[in-house]
Amino acid sequence: MSKQKDEVLGHKGADEKRPVSGKRKKAISGPIRDKARTMKTVKEAFRRVFIKKGYSGLTGANVAEEAGVHPSLISSYFKGIDTLSEAYIMEQDFWNMADKKMIKRMLTKPESIGREQITALSQGQLERMVEDRELQQIIQWEIAEKNRVLRKLADKREEIGEQLFGIIEPDFLNAGVDIRAKLALQIAGIYYLVLHATTNGSLFCGLDLNTTEDVARLRKVLEDNVNAIYAEAKVDK
């Protein structure tokens, strides 16, 4: 009778006393797990609001609505929208992507850095600005508001670029050509033209960077500009 009862209940008799090998995982308590999940949801919602509405749309109410949580959780878990903003910025490694990877590859062979590599880097910056809505919003935020964390982000970008200038600048200074200032104007032009097109949707000097045709025109001009800088300095690289 006892054997039949064990079979019905799925028992194995003596086997049920066999110790389980290995350590048992300690279960994470419900509230802790729920808090971590909610914080992740809020951060993802913050990013979506930022991409859609920019920094001016970053309010606790907007983020809470996007996340589907009560606004009080923003203050409870992040001490407010400012702390949440800082957490978002510090977690996004905006300069550890295309630009930094390309520069790192170039720095492995510094003697071979020339007009071709600088052209590719410039064209890559243009394409990334055109395609990356999140980066567009970061640049707008960076120039529109004094912010300690955004300043760190800008300084980090400068550190990456300084590695490259340290290698290429001496050739141009000897020739009296200020490649640093020339490339600064070029990069700033990329930022402005892209932000102008994506924000207002209007033309600039008849160009519309919302079209592939005009983006291609700028790619060609970037190549021409870099070639002209090298030709002016008589740097044959």
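Residues numbered from 1 in each chain as written. Predicted model: local features only at pLDDT ≥ 70, side-chain atom pairs only at ≥ 80, totals over all residues. Heavy atoms only, no water.

*Asks:* I'm lost on the overall build of the protein chain in this one. Help?
*Replies:* Of the regular secondary structure elements, the protein chain holds 11 helices and 0 strands. Taken from the N to the C terminus, the helices and strands of the protein chain come in the order α-α-α-α-α-α-α-α-α-α-α. Evaluated residue by residue, the protein chain yields a buried proportion of 35% over its 237 residues. The long-range share in the protein chain, meaning contacts at least 24 apart out of those at least 6 apart in sequence, stands at 65%. Accessible surface computed for the protein chain: about 15100 Å², of which carbon and sulfur atoms make up 54%. (Helix = DSSP H or I, 4+ residues; strand = E, 2+ residues; numbered from the N terminus. Buried < 20%, exposed > 50% of the residue type's maximum accessible area, 1.4 Å probe, protein only. Contact = heavy atoms within 4.5 Å. Areas by Shrake-Rupley, 256 points an atom, 1.4 Å probe, with all protein chains shown as cover.)

*Asks:* Where do I start with the packing of aromatic side chains in this structure?
*Replies:* For any pair of aromatic rings, the description rests on two quantities: the centre-to-centre distance and the angle between the ring planes. All chains considered together, the criterion is met by 6 aromatic pairs. Summarising the aromatic geometry, the rings of Phe50 and Trp141 are spaced 5.4 Å apart at their centres and angled 55° between planes, so their arrangement reads as tilted. Here Trp141 lies in helix 8 (residues 133-144) and Phe50 lies in helix 2 (residues 30-53), a separation of 91 residues in the sequence. For the pair shown, Phe50 and Trp141 are each scored as buried. Look at Tyr192 and Phe204: their rings are 5.5 Å apart centre to centre, the planes differ by 70°, and that puts the pair in the edge-to-face class. (Phe/Tyr/Trp six-rings, centres within 6.5 Å; stacked < 30°, edge-to-face > 60°.)

*Asks:* I would appreciate a short explanation of unusual backbone geometry in the present structure.
*Replies:* Glycine aside, a negative phi is what most residues show, and trans is what most peptide bonds show. A positive phi angle, close to 55°, is found at Cys205, a residue other than glycine. Along the chain, Cys205 falls in the loop between helix 10 (179-200) and helix 11 (212-233). The phi dihedral of Lys234 falls on the positive side, at around 55°, and the residue is not glycine. Judged by its relative accessible area of 73%, Lys234 falls in the exposed class.

*Asks:* In this structure, what is going on with helix 10? I would like to understand it.
*Replies:* Since the α-helix advances by 3.6 residues per turn, residues separated by three or four positions end up pointing in the same direction. In this model, helix 10 (22 residues) spans 31 Å end to end at C-alpha, consistent with the 32 Å of a helix rising 1.5 Å per residue. Residues Ile179, Leu183, Gln186, Ile190, Tyr191, Leu193, Val194, Leu195, His196 and Ala197 constitute the buried set of helix 10. Looking at the packing, one finds that the buried side of helix 10 touches helix 7 (115-131), helix 8, helix 9 (148-173) and helix 11. Phi turns positive one or two residues past the end of helix 10, at Gly201, with a value near 70°. (Expected span 1.5 Å × (residues − 1).)

*Asks:* It is not clear to me how the side chain of Thr119 should be interpreted in this structure. Could you clarify?
*Replies:* Examined against the element boundaries, Thr119 turns out to sit in helix 7. Its relative accessible area of 8% is what places Thr119 among the buried residues. Here the side chain of Thr119 touches Arg115 through a polar contact of 2.7 Å, landing on its backbone oxygen. Leaving out residues up to four positions away in the same chain, Thr119 has contacts with Glu223 and Val226. (Polar contact = N/O pair within 3.5 Å; in protein donor to acceptor, adjacent residues only side chain to side chain.)

*Asks:* Any chance you could explain the nonpolar core here in plain terms?
*Replies:* Generally speaking, soluble globular proteins have nonpolar side chains that are buried together. In this structure, Val42, Val63, Leu84, Ile89, Ile138 and Trp141 are the most contacted members of the largest nonpolar core, which totals 20 residues. Look past the residues within four positions of Val63 in its chain and what remains in contact with it is Val42, Ala45, Phe46, Val49, Ile74, Ile81 and Leu84. Of all hydrophobic cores here, the second largest spans 19 residues; its members include Ile103, Met106, Ile168 and Leu183. (Core = buried A, V, L, I, M, F, W, Y, C linked by side-chain atoms within 4.5 Å.)

*Asks:* Where do I start with the pattern of salt bridges in this structure?
*Replies:* Oppositely charged side chains can pair when the atoms bearing their charge come close. In the structure shown here, the tally under the stated rule is 16 salt bridges. Across the pair Arg37 and Asp34 runs a salt bridge, and its minimum N-O distance is 2.9 Å. Of this pair, Arg37 and Asp34 are both found in helix 2, 3 residues apart, which corresponds to roughly one turn of the helix. Look at Arg37 and you get partly exposed, because its relative accessible area is 46%. Between Glu86 and Arg148 there is a salt bridge; the shortest N-O distance is 3.0 Å. (Salt bridge = Lys/Arg side-chain N within 4 Å of Asp/Glu carboxyl O.)

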